[in-house]
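Chain and residue survey
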Amino acid sequence: MRNKETISKLFEDNISKIYEKEENEELTKEIMECENQLVKRFSKEQLDLFNKINELKGKRRNNLDRNIFIYAFSLSNKLMIESLEKE
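On a predicted model such as this, the values are computed, not experimentally measured, just so you know.

Turning next to the overall build of the chain. Per the secondary structure count, the chain includes 3 helices and 0 strands. For the chain, the N- to C-terminal ordering of α and β elements is α-α-α. Among the 87 residues that make up the chain, the fraction classed as buried is 8%. Total accessible area computed for the chain in this model is approximately 8,100 Å², and 55% of it derives from carbon and sulfur atoms.

Here it is as structure tokens:
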């Protein structure tokens, strides 16, 4: 049972790290500049819709990132278990 607790702790300690690093700062900066130029031309209704779309995309991206992490974490655990069983 100790191994399960260790694996759970590793998971909890590392799940948040997937959101900490922005690998493409220049690309992000360029996207933000383009969005700012675009938003200046929006009416109130268009701006509300644009913000809602971005909010939903962000939620989808966070869910996808989390699911990728969970899947990769489970695969690495299976690999570790298989390698321990072969010893």
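Right, picking up where we left off after that structure.
On to the packing of aromatic side chains. Evaluated as defined, the whole model comprises 2 aromatic pairs. Where phenylalanine 69 meets phenylalanine 73, the ring centres are 5.8 Å apart and the plane angle is 25 degrees; that geometry is what we call stacked. Of the two residues, phenylalanine 69 and phenylalanine 73 both sit in helix H3 (residues 44-86), 4 residues apart, roughly one turn of that helix. You'll find phenylalanine 69 and phenylalanine 73 in the same group, each marked buried.

Locating phenylalanine 42 in the fold gives a position in the loop between helix H2 (25-39) and H3. Overall, phenylalanine 42 belongs to the partly exposed group, its relative accessible area being 24%. In contact with phenylalanine 42, other than residues within four places in its own chain, are Leu47 and Phe50.

Moving on, we come to the pattern of salt bridges. The tally for this structure, following the rule as stated, stands at 2 salt bridges. With a closest N to O distance of 3.0 Å, aspartate 48 and lysine 44 form a salt bridge. Of this pair, aspartate 48 and lysine 44 both sit in helix H3, separated by 4 residues, roughly a single helical turn. In this structure aspartate 48 comes out as partly exposed when scored by relative accessible area, which is 38%. A salt bridge links lysine 59 to glutamate 55, with the nearest nitrogen and oxygen atoms 3.5 Å apart. Taken together, the residues span about one helical turn, with lysine 59 and glutamate 55 both in helix H3 at a distance of 4 residues. Exposure remark for lysine 59: the relative accessible area of 46% places this residue in the partly exposed category.

Within the secondary structure, asparagine 14 is located in helix H1 (residues 2-15). Sequence separation between asparagine 14 and phenylalanine 69 is 55 residues, and the spatial gap between their C-alpha atoms is 9.1 Å.

About the thresholds
Residues numbered from 1 in each chain as written. Predicted model: local features only at pLDDT ≥ 70, side-chain atom pairs only at ≥ 80, totals over all residues. Heavy atoms only, no water. Helix = DSSP H or I, 4+ residues; strand = E, 2+ residues; numbered from the N terminus. Buried < 20%, exposed > 50% of the residue type's maximum accessible area, 1.4 Å probe, protein only. Areas by Shrake-Rupley, 256 points an atom, 1.4 Å probe, with all protein chains shown as cover. Phe/Tyr/Trp six-rings, centres within 6.5 Å; stacked < 30°, edge-to-face > 60°. Contact = heavy atoms within 4.5 Å. Salt bridge = Lys/Arg side-chain N within 4 Å of Asp/Glu carboxyl O.

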